[in-house]
Amino acid sequence: MIDTNIFQDKTAVYYTLGCKLNFSETSTIGKILREAGVRTARKGEKADICVVNTCSVTEVADKKCRQAIHKLVKQHPGAFVVVTGCYAQLKPETVAKIEGVDVVLGAEQKKDLLHYLGNLQKHETGEAYTSALKDIRSFAPSCSRGDRTRFFLKVQDGCDYYCSYCTIPFARGRSRNGSVASLVEQARQAAAEGGKEIVLTGVNIGDFGKTTGETFFDLVKALDEVEGIERYRISSIEPNLLTDEIIEFVSRSKRFMPHFHIPLQSGSDEVLKLMRRRYDTALFASKVKKIKEVMPDAFIGVDVIVGTRGETEEYFEQAYRFIQGLDVTQLHVFSYSERPGTQALKIEHVVSSEEKHRRSQLLLELSEEKTRSFYARHIGQTMPVLLERSKPGTPMHGFTPNYIRVEVPHDDALDNRVVPARMGEFNEDGTIRPVKLSLDGVGPLRKVKGRKEIKADTVYASSTAAPLFIEPMKDDLCRRTEYFVPAFAVDGANGSRWMAAEGDKDKWLVADLGRTRKIRRSEIYFVRPTAGHAYQLEGSVDGTTWRKCGGHDDLRMQSPHVDEPKGKYRFLRVRISEGVAGVWEWNIY
């Protein structure tokens, strides 16, 4: 029995490196400490406990781990420092010698972290607690959200594959998993806590079932029945374990998204043999083809390693041509890193660092082409986007079912909500800028510094409203930049319904009910259309006068309700669209 009194009102900071599984496990460690009375330190606050969850997939990862430890020790003098994760399991003595480290916990020990904290008194030298590879057997459950919107459900741990370049089996142990029943219960709990999306994580999740006599397909079918969860994503699955029945099930699933991440590692059969992978390029290509046959819009991410020992120039060219011909969406490109104790060190041909970089850049450029092509095919489509929490004042991001990343202005009300978004153009960072995010109205419009579009960053029509981007166009008549709203439906305030006009040239926002509408807090007003091509000129609306725009069949609105210097106004122009009675195009300029 642990006396948790020592932990009351103590503070902790957490630093995670590496994969989604690590982030999930760190979140679980944080939950364990919170239940013991430890709270997360605020920004700038000195912590009593520092937890570092490490990665060791490359030599660079090892270096980053050491740097992270040194940084935390400096930022939180006197804190009790715990280091766990793959680097800690593989190099416990090295980590224990780092100044400021108190305890190093291996793969089998990290779930029992509380037992190793003692009374939080600093150690003179670091102490390492690890188990031999054959003794790493337990499966520590983890289903955590942390600071993210999505939950990460750990379904499997460890790996039995022993690829020639990889140390993960030595760091994580043999393949093992939780039961289907226990994982379904964790998913139900996530739904009860408000979770809408769960990412299935593990080291080799397709190998699920080694310890329970079940299969990954059994798990997928069971999770699909959990009420409350709207989306599941399979984080990564080996191509030889991605069966056709799984692909076909996902294509029909109520909740599993058309999104796959499949490690290829090399597009050369000779290199795959040197890597001791369990498939060839023909099998990989057949999996991609199968996915696209049943889910043409599926997102397919692919891992590729360049510069492995034995990858000659000829083999790389073969790999490049193979990948170029695959209908995949994105490449995750890694430069080979030599790891102590791996069989790859016995392979003679060594690729220089310069050549690794060159090959990496070629594949990254190919990846960019494939991703932009995939995104471009969806521009103009309206798709549901699950938005994720962001820091105040920073844009929010979310993903479509097929993993297109969308950026919208910040609005706390949209956190963890699924909203329809009409896909717009690219932002500089490669995200999609939505043209319209909801069917509930528009909000105050403003010019965004350094960007070409105007955006409406608040919507008032209903609680499900969301931001709007408005694309610019040039107005020769008034010699100013105008902004128009492409076609979409909007339910407005005060009973008005605004919708897209039908016609060869009339794809604008229109009103089909005769009610004047005002948007709260802003200078934008809508004229009231009446029968035929008539419009209201008499009087004013809320102090706003309407007048003709010299010699043209449209109206301008001059409003005194704008936050600008006296004598300067913002106008709304309303034009009658030819051939459609009572339909109005509107622009701001």
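Not measured: the values here are computed from a predicted model. (Residues numbered from 1 in each chain as written. Predicted model: local features only at pLDDT ≥ 70, side-chain atom pairs only at ≥ 80, totals over all residues. Heavy atoms only, no water.)

**Q** So what exactly am I meant to see when it comes to the overall build of the protein chain here?
**A** A tally of regular secondary structure across the protein chain gives 12 helices and 34 strands. Summarising the internal contacts of the protein chain: among those between residues at least 6 apart in sequence, 65% fall at separations of at least 24. Only carbon and sulfur atoms are counted for the fraction: they give 49% of the accessible area of the protein chain, which is about 26,700 Å². (Helix = DSSP H or I, 4+ residues; strand = E, 2+ residues; numbered from the N terminus. Contact = heavy atoms within 4.5 Å. Areas by Shrake-Rupley, 256 points an atom, 1.4 Å probe, with all protein chains shown as cover.)

**Q** Teacher, can you tell me more about the packing of helix 7 (residues 216-223) against helix 8 (residues 244-252) here?
**A** The N-to-C vectors of helix 7 and helix 8 enclose an angle of 10°; their axes lie 10 Å apart at closest approach. Taken together, helix 7 and helix 8 sit at an angle that is classed as roughly parallel. Only Glu 245, Ile 246 and Phe 249 of helix 8 make contact with helix 7, whose side of the interface consists of Phe 216, Phe 217, Val 220 and Lys 221. In terms of residue class, the contact of helix 7 with helix 8 is built from 5 nonpolar, no polar and 2 charged. (Axes fitted to C-alpha atoms, helices over the stretch in contact; angles between N-to-C directions. Parallel < 35°, antiparallel > 145°, perpendicular 65-115°, else oblique. Nonpolar A, V, L, I, M, F, W, Y, C, P; charged D, E, K, R; others polar.)

**Q** For this particular structure, what's the right way to read the packing of aromatic side chains?
**A** Each aromatic ring pair is characterised by the separation of its centres together with the angle its planes make. Evaluated as defined, the whole model comprises 10 aromatic pairs. Both rings, one in Phe 217 and one in Phe 249, keep their centres 5.8 Å apart while their planes meet at 85°; by these two values the pair is edge-to-face. One end of the pair, Phe 217, is in helix 7; the other, Phe 249, is in helix 8, and 32 residues separate them in sequence. When its relative accessible area of 14% is taken as the criterion, Phe 249 is described as buried. (Phe/Tyr/Trp six-rings, centres within 6.5 Å; stacked < 30°, edge-to-face > 60°. Buried < 20%, exposed > 50% of the residue type's maximum accessible area, 1.4 Å probe, protein only.)

**Q** I keep staring at unusual backbone geometry and nothing clicks. Help me out?
**A** The backbone of Leu 120 sits at a positive phi, close to 65°, despite the residue not being glycine. Tracing the chain through its elements places Leu 120 in the loop between strand 5 (103-105) and strand 6 (127-129). Positive phi is not limited to glycine here, since Asn 416 has a value of about 60°. Mapped onto the fold, Asn 416 is located in the loop between strand 18 (405-408) and strand 19 (418-426).

**Q** I would appreciate a short explanation of the nonpolar core in the present structure.
**A** Considering soluble globular proteins, one finds that nonpolar side chains tend to be buried as a cluster. Counting 69 residues, the largest nonpolar core has Phe 216 and Leu 363 as the members making the most contacts within it. Ranked by the residues each element gives to this core, the list is headed by helix 6 (residues 180-192), at 6 residues. (Core = buried A, V, L, I, M, F, W, Y, C linked by side-chain atoms within 4.5 Å.)

**Q** I keep staring at the environment of Leu 72 and nothing clicks. Help me out?
**A** Here Leu 72 is to be found in helix 2 (residues 59-75). The spacing of Leu 72 and Gly 100 is 28 residues in sequence and 9.2 Å in space, taken between C-alpha atoms. Excluding residues within four positions of it along the chain, Leu 72 makes contact with Val 13, Tyr 15, Cys 50 and Val 52.

**Q** Would you take a moment to explain the pattern of salt bridges for this structure?
**A** It is possible for side chains bearing opposite charge to pair when their charged atoms get close. All told, the structure shown has 35 salt bridges when counted by the stated rule. Here Arg 188 ties to Glu 185 by a salt bridge, and the two come within 3.7 Å at their closest N and O atoms. With Arg 188 and Glu 185 both in helix 6, this residue pair falls 3 residues apart, about one helical turn. The exposure class of Arg 188 is partly exposed, given its relative accessible area of 47%. Judged by relative accessible area, Glu 185 falls into the partly exposed class, the value being 44%. Salt bridges linked by common partners bring Glu 25, Lys 110, Lys 154, Asp 157, Arg 172 and Arg 176 together as one network. (Salt bridge = Lys/Arg side-chain N within 4 Å of Asp/Glu carboxyl O.)

**Q** Whenever I open this one, helix 7 confuses me. Can you help?
**A** Every α-helical turn comprises 3.6 residues, leaving residues that sit three or four positions apart pointing alike. Within the span of helix 7, buried status applies to Phe 216, Phe 217, Leu 219, Val 220 and Leu 223. Taken around the axis of helix 7, the buried residues stretch over an arc of 160°, which confines them to a single face. Packed against the buried residues of helix 7 are strand 8 (151-154), helix 6, strand 11 (197-201), strand 12 (231-234) and helix 8. (Arc of directions from axis to C-beta.)

**Q** Is there a simple way to think about the environment of Pro 239 in this case?
**A** Topologically, Pro 239 is positioned in the loop between strand 12 and helix 8. Given the relative accessible area of 0%, Pro 239 is considered buried. Sequence spacing of Pro 239 and Leu 264 is 25 residues, and the spatial spacing of their C-alpha atoms is 7.7 Å. Not counting the four nearest positions on each side in its chain, Pro 239 is found in contact with Ile 262, Pro 263, Tyr 279, Leu 283, Phe 284 and Lys 287.

**Q** It is not clear to me how helix 8 should be interpreted in this structure. Could you clarify?
**A** Ile 246, Ile 247, Phe 249 and Val 250 are the residues of helix 8 that are buried. The buried residues of helix 8 all sit within an arc of 165° when viewed along its axis, so they share a single face. Where helix 8 is buried, its residues meet helix 7, strand 13 (259-265) and helix 10 (281-294).

**Q** Just checking my understanding: could you explain the sheet that holds strand 13 for this structure?
**A** Whether parallel or antiparallel, the strands of a sheet pair through hydrogen bonds between backbone atoms. The 3 strands are arranged 13-14-15 in an open sheet whose pairing can be described as parallel. Edge strands, defined here as strands with exactly one partner in the open sheet, are strand 13 and strand 15 (330-335). Neighbouring strand axes in the sheet, compared pairwise and without regard to direction, differ in orientation by 20° on average. Pairing of strand 14 (residues 299-306) with strand 15 involves 6 bridges; the strand directions are parallel. Residue pairing across strands places Gly 301 opposite Gln 330, the latter belonging to strand 15. Along the sheet, helix 10 makes contact with strand 13 and strand 14, crossing strand 13 at roughly 165°. (Pairing = 2+ DSSP bridges.)

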